[in-house]
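Observations on the three-dimensional arrangement
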Amino acid sequence: MTEEYKKSMETIENKQNNINVHKKKKRKNKITTALIILLLLISAVIVAACGVAFGIVIGIVRNAPDIDPESILTTLSESSVIVDESGTVIEQIHDPNENREIVKLDDIPLYLQNSFLAIEDHRFKEHFGIDIQRIVSSLWHNYKVGDSTAQGASTITQQLVKNLYLTNEKSWRRKIIEMYLAIKVERILSKEQILENYLNTIPLGQSSYGVQTAAYTYFNKDVSELTLAESALLAGAAKSTVTYAPFKRYNLNDISDIPEEDIVGYVFIGSVQYACVYNESAINRQHIILDRMLELGFINEAEHYAAVTEDMHTALNPGQTKLEGISSTSMDYVKEKVIEDLMAAKSMSYEDAENYLYKGGLTITTTFDINMQKSLEDSYDNFSTLYLGTAPAGDKPVAQDWRYFKWEDGKGTGSLDSSLNILNEYGQLIYCDKINIMDENSNIYLNAHEYSYDESGNLVIDSNKFDIYDSSIDIVDCYTVDDKFNFVSHTIGTLNIGSNFEILDKEGTKGKFLISKDFLDKNAEMFQVGSDNLLRIPKDYFFFQEKGIVQPQSAAVILDYRSGKIKAMVGGRDIEGSKTFNRATDAARQPGSTIKPLSVYLPALDLGYSAAFILNDVPRYNEEGERWPKNWYEYRSVKYWGKITLRKSVEQSINTNAVTMLETIGTDASINSLTKLGMIDAANPGNDTFVSQQEDSVHNDVNLASLGLGGLTKGFSPLAMTAAYGAIANDGVYIEPIAYTKIMNNNGETILENIPQTRVAANPEAASLMKDILRSTVYSGLSYRAKLPEEMGIEVAGKTGTTQASGDFWFVGFSPYYIGGIWVGNDNVQLKLSGDSGANARLWSGIMTPIHQGLAPAKFQLNQNLIPVQVCSQSGKLPSSLCSGDPRGSQVITEYFVPGTEPSQICTTHVSAVVCTNSNLLKSQYCPENSLEQRVFIERYAKYDPDARILDYNFQVPTEVCTNHTQWHYDQWINQQNSPDESSGENNDINDSESEDETTGIIEDITEPQ
Ligand SMILES: [Zn+2]
Ligand SMILES: [Zn+2]
């Protein structure tokens, strides 16, 4: 890079020399009359062109923002507003970076100043705001490479003006205004004032503006303490905060392929931890800057050498940025979407789009309904009561599952240990009770048995309060219980000892590690043994989230499913501040059964399977030969329903049937459905949360457990789930959810219109049928708690979901008006919930009742093409005369069919057979006729024994023949028959008449004793 850069600098200078030489030669040429005329003509054209150009420039400059250079840092330009669809202002957007820390130029090291000058504007001290020499050379360069924007020629003054007042739009108009304002600023401010303002406002990545904030963000130190090497590294980010930020931030889920040594630390944004990763491009840029500084005489050889050899891996030390504000998650989401769309539509960088949003005087019309948002937030203030259905009372924290706790042999096992610390299902410590790890001054403490000093004076720590990783020691998080009986988790970060430790013994992440005497001597404050024999680590040596986060967490989204407009959203409960983690949009959680309608049943109906399609809820086995999947009623003695319709399989959320149905339609059909429902981005697999086979050929989501039961690697966000269900509510048409409809600039011109993408996800009849099944899931199935108060007369439809050992609860439901999706779970999924997902259905009703207050009664309209047909619930076919004679009662039901899918054949599942009432088995030739009875049964091709515990087992036609009766019994009976006082039984007549029934024809084979 360095060599390349030098070469390009040389070429530019050579070219400049060439131009000068040419000009001189031309002047020496003999001038002819013809040439004079030609020159006059050319001059006339140039003058005319200049006149026009001058006019244009005047016009542009006249529209330049009015600035007051003397108060640059206080008068920032117009702020933008978010308004609702009626035009009411919801939020005046404030620049969250307004509280940037301003430092005096004197406090900024000279080499930091020079780093910026060297790379961005080395003639800064000489020019008048614009650098003509540089403009010419960059114009020439850009002409040569054929890209008018390849090389910039912005001076520091121009960059300051742009950062404060303008956008990064690459247009001539913007460029002219920028130059004009730069000259204006130069005439009023001194060079020192300009540089000071520039260094205090320049965006340097990771949302840090100005060198002081950046010094904390990247090195966790004051700007005055930066070394030359660190200064040059910071200055590199001025060119592009995306490419040259000193480190990049990664979600912890995405760091598996990053070498440990490249992770320079971790930061929290809201409640989410990110890894900070060393950026090689930034180091290359730093070297270019240092070379340039040497070239310009800003530093000498020795300083240059020291700086290029300084290890940036160890220098980088992410500091905790303070992000606080007044704005809520919902408006943060609107802003995030606006920034994203501005980036795409106007080819802006993140910072430029953010800048435009904060300073562009924009008016953003949001889809959010302020009253609905308020109502949703009020409901969340009352979360525990709505969720539990009663006021919380405490012998354990609200909704937390501590039931696995057992006390045995003086030792606690399960989710709590004897000291009330929380263990996961493998017995690993996941949360300490705060009093067990932290003293009243928020110092970590270790009990005497958890540490020791060896003979050389090294400290040996053997405590489960730490998780040992190759390059860091993480401290186990802790919890408290608040006065409303909420479980509150507090994150504790890593121990600030860098890699100054040696692992002695490790199993998983637990074990024993050593800190050398040498390190202890240099850091005497860090480990202190008190007179009480406790080893204390003062709070300065780790991050502690003192306020903590209430658990379980929850998120909710309400949409108008006919337009895709997001009406209200909650991204977490009891969360304050801006830029907090939005669980409604950014948390991918396993959906459990809530996925079944989307990934299994909607595509099945769309393929022509009917709601009366019969699924057999009987034992299935996995590759290990274990019964799989298990149903939610596994705890009952009868573990399977037997033959049941598709509709009932949804209503009762039967796992086995979802898997069987999925197997029947195939995973491709399922993936296709999820793609149409906006949950899988087939073109950009990295943009969704679904793990495809291409992304990971071994551990992916293309399997029965993920697609059939919702046990996905990551899962889906509540917003994605709600929008997908919206397509069912909207009769098969998926509409991408939107948070705003348009953006206007300060001249009232619409600069961006947000029209949601729509696509057909299923045929309207199939979608209508799915909708009706979800309706009956509420009215006759498991989701009955979701009903709205009867007097409102508003129907609802929806589905619950529960994941592995109650890690997550879901309910997504809709009325003829709105759709709402709710997720409840602990941020740490190892901590399980108590109760069941019915609580989510209850919470949904609690939230949606006030939202629907005052709306007219409304019922769902079935698609008019659907045909009602009477069918047998055991076969899905037209009823025979036997179907109504089922011993459990008539099995004739009315189901709706998509035209073309209605049955034409008659039920053959119901059969009748003659059985011996003594054995309940098929009659043998010895069974006396007075013990025979004609009965209605169901036929199942695969037979299951009673151990399989299938509900309809007893109604299955017997396959064995009675052995209770022998020749002797038969002869006895014949003898009785022959005695004159015995009348011949009516049984014979019944048998005769029934055997004439055509549907019993097939029975004769069965009744024939073998
Ligand atoms: Zn039948
Ligand atoms: Zn018998």
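Shown above is the structure to which this text applies.
Residues numbered from 1 in each chain as written. Chains lettered and ligands numbered in written order. Predicted model: local features only at pLDDT ≥ 70, side-chain atom pairs only at ≥ 80, totals over all residues. Heavy atoms only, no water.

**Examining the overall build of the protein**
The secondary structure content of the protein amounts to 29 helices and 38 strands. Contacts in the protein between residues at least 24 apart in sequence constitute 68% of all its contacts with a sequence separation of at least 6. About 47,200 Å² of surface is accessible on the protein, with carbon and sulfur atoms providing 49% of the total. (Helix = DSSP H or I, 4+ residues; strand = E, 2+ residues; numbered from the N terminus. Contact = heavy atoms within 4.5 Å. Areas by Shrake-Rupley, 256 points an atom, 1.4 Å probe, with all protein chains shown as cover.)

**Notes on the coordination of the zinc ion (ligand 1)**
On the protein side, the zinc ion (ligand 1) has C872 (SG), C883 (SG), C907 (SG) and H910 (ND1) as donor atoms, found 2.0 to 2.3 Å from it. Sequence spacing of the donors to the zinc ion (ligand 1): C-x10-C-x23-C-x2-H. Within this pair, whereas C883 is found in the loop between strand 34 (867-872) and strand 35 (892-897), its partner C907 is found in the loop between strand 35 and strand 36 (910-916), the two being separated by 24 residues in sequence. Taken individually, C883 and C907 each receive the classification buried, so the pair is uniform in this respect. (Donors = N, O, S within 2.8 Å, 3.2 Å for Na, K, Ca; no water. Buried < 20%, exposed > 50% of the residue type's maximum accessible area, 1.4 Å probe, protein only.)

**What to know about the state of the cysteines**
Note on terminology: a disulfide is the covalent bond linking the sulfur atoms of two cysteines. If you walk through the whole model with that rule in mind, you get zero disulfides. The structure places no disulfide on C432, whose sulfur is separated from the nearest cysteine sulfur, that of C478, by 7.5 Å. You can call C432 buried: its relative accessible area is 2%. (Disulfide = S-S within 2.5 Å.)

**Examining the coordination of the zinc ion (ligand 2)**
Note on the zinc ion (ligand 2): its protein donors are C916 (SG), C927 (SG), C962 (SG) and H965 (ND1). The metal-donor distances range over 2.2 to 2.4 Å. Note that the zinc ion (ligand 2) binds four donor atoms; their angles at the metal cover 101 to 120°, and the shape is tetrahedral. Mapping the donors of the zinc ion (ligand 2) onto the primary sequence gives the spacing C-x10-C-x34-C-x2-H. Residue C927 is located in the loop between strand 37 (921-922) and strand 38 (932-938), and its partner H965 is located in the loop between strand 38 and helix 27 (967-978); the two are separated by 38 residues in the primary sequence. For the residue pair C927 and H965, the accessibility class agrees, reading buried in each case. (Tetrahedral: all angles 85-135°; square planar, octahedral: opposite > 155°, others 65-115°.)

**Side note on helix 10 (residues 280-295)**
Under the 1.5 Å per step criterion, the end-to-end length of helix 10 is 23 Å for 16 residues, consistent within 8% with the ideal 22 Å. Taken together, the buried positions of helix 10 are A282, I283, R285, Q286, I288, I289, L290, D291, R292 and M293. Among the residues of helix 10, the N-terminal cap falls to N279, whose side-chain oxygen and the backbone nitrogen of S281 are separated by 3.2 Å. Of the residues one or two after helix 10, G297 is the one with positive phi, at around 80°. (Expected span 1.5 Å × (residues − 1). Polar contact = N/O pair within 3.5 Å; in protein donor to acceptor, adjacent residues only side chain to side chain.)

**Looking at the side chain of Q400**
When you line up the elements, Q400 lands in the loop between helix 16 (383-388) and strand 7 (406-408). Its relative accessible area of 0% is what places Q400 among the buried residues. With residues near it in sequence (within four places) discarded, Q400 still touches F487, Q551, P552, N826, L831, K832 and S834.

**Here we look at the packing of aromatic side chains**
One pass over the full model with this rule turns up 17 aromatic pairs. Consider the rings of Y479 and F487, whose centres lie 4.9 Å apart with planes at 15°: the pair is stacked. Exposure class is identical for Y479 and F487. Each is buried. When the ring of F814 is compared with that of F860, the centres are 5.6 Å apart and the planes differ by 75°; the resulting orientation is edge-to-face. One end of the pair, F814, is in strand 32 (residues 808-814); the other, F860, is in the loop between helix 26 (838-852) and strand 34, with 46 residues separating them in the sequence. Of the two residues, F814 and F860, both sit in the buried class. Feature note: the residues Y380, F383 and Y387 constitute an aromatic cluster, connected by ring pairs. We note R249 situated over the ring of Y274; from NZ or CZ to the ring centre the distance is 5.4 Å. For the cation-ring pair, K465 lies above Y445, with the distance from its terminal atom to the ring centre recorded as 4.8 Å. (Phe/Tyr/Trp six-rings, centres within 6.5 Å; stacked < 30°, edge-to-face > 60°. Lys NZ or Arg CZ within 6 Å of the ring centre and 35° of its normal.)

**Regarding the sheet that holds strand 32**
Spatially, five strands are ordered 24-23-33-32-31 in an open sheet, and the strand pairing comes out antiparallel. Each edge of the open sheet is held by one strand with a lone partner, namely strand 24 (565-570) and strand 31 (797-802). Between one strand and the next, the sheet's axes are offset by a mean angle of 10°, whatever the strand orientation. Contacting strand 31 and strand 32, helix 25 (residues 764-779) runs over the sheet at an angle of about 70° to strand 31. Sheet strands in contact with helix 26 are strand 23 (553-560), strand 31, strand 32 and strand 33 (819-825), and its direction is about 140° off that of strand 33. (Pairing = 2+ DSSP bridges. Axes fitted to C-alpha atoms, helices over the stretch in contact; angles between N-to-C directions.)

**Focus: a nonpolar patch on the surface**
Together, F128, I132 and V136 give the surface a local cluster of nonpolar side chains, amounting to about 270 Å² of exposed area. Within the secondary structure, I132 sits in helix 4 (residues 132-145). (Patch = residues over 30% accessible without salt bridge, like charges linked within 9 Å, V, L, I, M, F, W, Y side chains within 5 Å. Salt bridge = Lys/Arg side-chain N within 4 Å of Asp/Glu carboxyl O.)

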